[in-house]
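A look at the structure
Next come the chains, spelled out residue by residue.
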Amino acid sequence: RITQHVREQNWTAIGIDFVIVVVGVFIGTQVSNWNADRVDQQVETRLLHELQSDVAADVEEMEVVLQSAEGRVLASSVLLEASGIPFRHSFEETVTGMYSFPEPLVRRRLAETERPTFAPGADLLIYTHYLRRLLDGNRHTYNAIVNTGSVRLIADSTLARQIQAYYAHVDDNRELERYLSTVRDRLEGAMQDAGLSRTGVHSLPEISRAIRATPRLAATISDTRGVALYHWGATLVLQDEGRQLVE
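Worth saying up front: this structure is predicted, and the values here are computed from it rather than measured.

Things to note about the pattern of salt bridges
Counting across every chain of the model gives 10 salt bridges. Measuring nitrogen to oxygen at the nearest pair gives 2.9 Å for the salt bridge that ties Arg109 to Glu63. Residue Arg109 is found in helix α4 (residues 103-112), and its partner Glu63 is found in helix α2 (residues 11-82); the two are separated by 46 residues along the sequence. Across the pair Arg109 and Glu70 runs a salt bridge whose closest N-O atoms are separated by 3.2 Å. Here Arg109, found in helix α4, pairs with Glu70, found in helix α2; they are 39 residues apart in sequence, far enough to count as distant. Since its relative accessible area comes to 7%, Arg109 is described here as buried.

Right, here's the structure in full:
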């Protein structure tokens with residue numbers, strides 16, 4: 001039609017045709033953009049829902065990690081006390097003072113949860129050595145977001161940064177847990193030096209005598225307690241960060 005109007009030099013009609021074409025292209029572009037935005041919003045909603053499920057699973061898993069760390073701290077504390085080996089600070093003093101974890105968060109946790117207990121005759125060395133549970137981390141959705149560049153789809157930039165910070169802290173926690181494995185290996189070596197078997201059943205008096213007679217074992221149990229306390233505090237802070245994300 002435009003060509004026909006040019007030949008006829010119908011400039012009014014040409015102008016109208018031009019406007020129609022421009023408006024049509026504009027509307028088509030807007031519709032295409034609207035569809036793309038709608039798809040992005042749908043993907044964002046799905047990703048955030050999956051992330052929420054992943055982080056919620058982490059929070060539940062960290063509860064088990066905390067209980068495990070509390071058990072290690074208690075078992076190692078009982079062994080050191082029974083052996084007459086002092087340690088500098090209490091549970092709360094170490095976590096909030098020496099390690100500087102948030103005092104309100106620590107106190108709330110200690111007030112709301114029961115401390116673990118051990119049955120009479122329990123092999124506390126086994127608990128010190130084996131009672132541990134590590135955070136596996138549910139990061140399939142986050143890895144997919146990073147690998148596909150889908151972080152841009154999260155419209156709330158503050159939320160996007162919080163998600164990135166959370167998973168960076170998960171990585172830090174995993175690094176700490178790798179160090180825990182090193183401490184456990186050192187404890188096993190010290191046990192063997194003291195004539196204690198990880199598969200044997202040892203009474204508290206027997207373990208206490210071995211600890212007093214073996215400085216390396218005493219030092220390693222003290223280190224185990226300190227690392228367990230730090231692990232507990234770091235996991236508690238990470239769990240609180242996860243809860244805030246889920247909410």
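Side note on α4
Listing the buried residues of α4 in full gives Leu105, Val106, Arg109 and Leu110. Along the long axis of α4, the arc covered by the buried residues comes to 125°, so they all point the same way. In α4, the exposed residues that point more than 90 degrees away from the buried face are Pro104, Ala111 and Glu112.

Here is what the cut-offs are and how they apply
Residues numbered from 1 in each chain as written. Predicted model: local features only at pLDDT ≥ 70, side-chain atom pairs only at ≥ 80, totals over all residues. Heavy atoms only, no water. Salt bridge = Lys/Arg side-chain N within 4 Å of Asp/Glu carboxyl O. Helix = DSSP H or I, 4+ residues; strand = E, 2+ residues; numbered from the N terminus. Buried < 20%, exposed > 50% of the residue type's maximum accessible area, 1.4 Å probe, protein only. Arc of directions from axis to C-beta.

Just geometry here; none of it tells us what the structure is for.
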